Amino acid sequence: VCELANQNPNNYLAMAPQFFRLLTTSSNNWMLIKVVKLMGSLVPKEPRLARKLLEPLATIIQNTQAKSLQYECIHTLTLALAYT
C-alpha cells in the first residue's frame, strides 16, 4: 500500500482518518512504520494533514524504543514541517 500511495496518493486521501486512527491507537511497530510512511506520502496532497501529524509522531518518537520506527517518524516529520 505504501508503494501504491507513493505513486498515486489521491487514491488514499479518503482513508486518511482511518490511517490516522491506526497511527494513534496501534502498538505494533511494523504496522506503525507502514502507516507513518503512508501518511508521509499523503501530506503533499493534503497539507492540513501535516499539522495534525506533528503531535502523534512526536509522541511515538519519545515513547518507542524501536530505532526503525523513530527513524521513519523523524523522516516524516521533516517532510511534514515544510507544509506547516
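Residues numbered from 1 in each chain as written. Predicted model: local features only at pLDDT ≥ 70, side-chain atom pairs only at ≥ 80, totals over all residues. Heavy atoms only, no water.

Looking at this structure, I do not really get the packing of helix α4 (residues 48-63) against helix α5 (residues 67-81). What am I missing?
In a packed pair of helices, the relevant descriptors are the angle between the two axes and the axis-to-axis distance. Between α4 and α5, whose axes approach to 10 Å, the crossing angle comes to 155°. Here α4 lies roughly antiparallel to α5, going by the angle between them. Between α4 and α5 the crossing geometry is left-handed. Contact residues: A50, L54, L57, A58, I60 and I61 in α4; L69, Q70, C73, I74, T76, L77, A80 and L81 in α5. (Axes fitted to C-alpha atoms, helices over the stretch in contact; angles between N-to-C directions. Helix = DSSP H or I, 4+ residues; strand = E, 2+ residues; numbered from the N terminus. Parallel < 35°, antiparallel > 145°, perpendicular 65-115°, else oblique. Left-handed = near helix turned anticlockwise from the far one by under 90°. Contact = heavy atoms within 4.5 Å.)

So what exactly am I meant to see when it comes to the nonpolar core here?
Grouped burial of nonpolar side chains is what soluble globular proteins tend to show. L23, M39, L53, L57 and L69 are the most contacted members of the largest nonpolar core, which has 25 residues in total. Where this core is concerned, the elements lending two or more residues are α1 (2-7), α2 (16-25), α3 (29-42), α4 and α5. For this core, the element with the most residues is α3, which contributes seven residues. Among residues more than four places away in sequence, those in contact with L69 are N29, L32, I33, I60 and T64. (Core = buried A, V, L, I, M, F, W, Y, C linked by side-chain atoms within 4.5 Å. Buried < 20%, exposed > 50% of the residue type's maximum accessible area, 1.4 Å probe, protein only.)

For this particular structure, what's the right way to read the environment of T78?
Within the fold, T78 resides in helix α5. Expressed as a C-alpha distance, the spacing of T78 and A66, which sit 12 residues apart in the sequence, is 19 Å. In terms of polar contacts, T78 uses its side chain to reach the backbone carbonyl oxygen of H75, at 2.6 Å. (Polar contact = N/O pair within 3.5 Å; in protein donor to acceptor, adjacent residues only side chain to side chain.)

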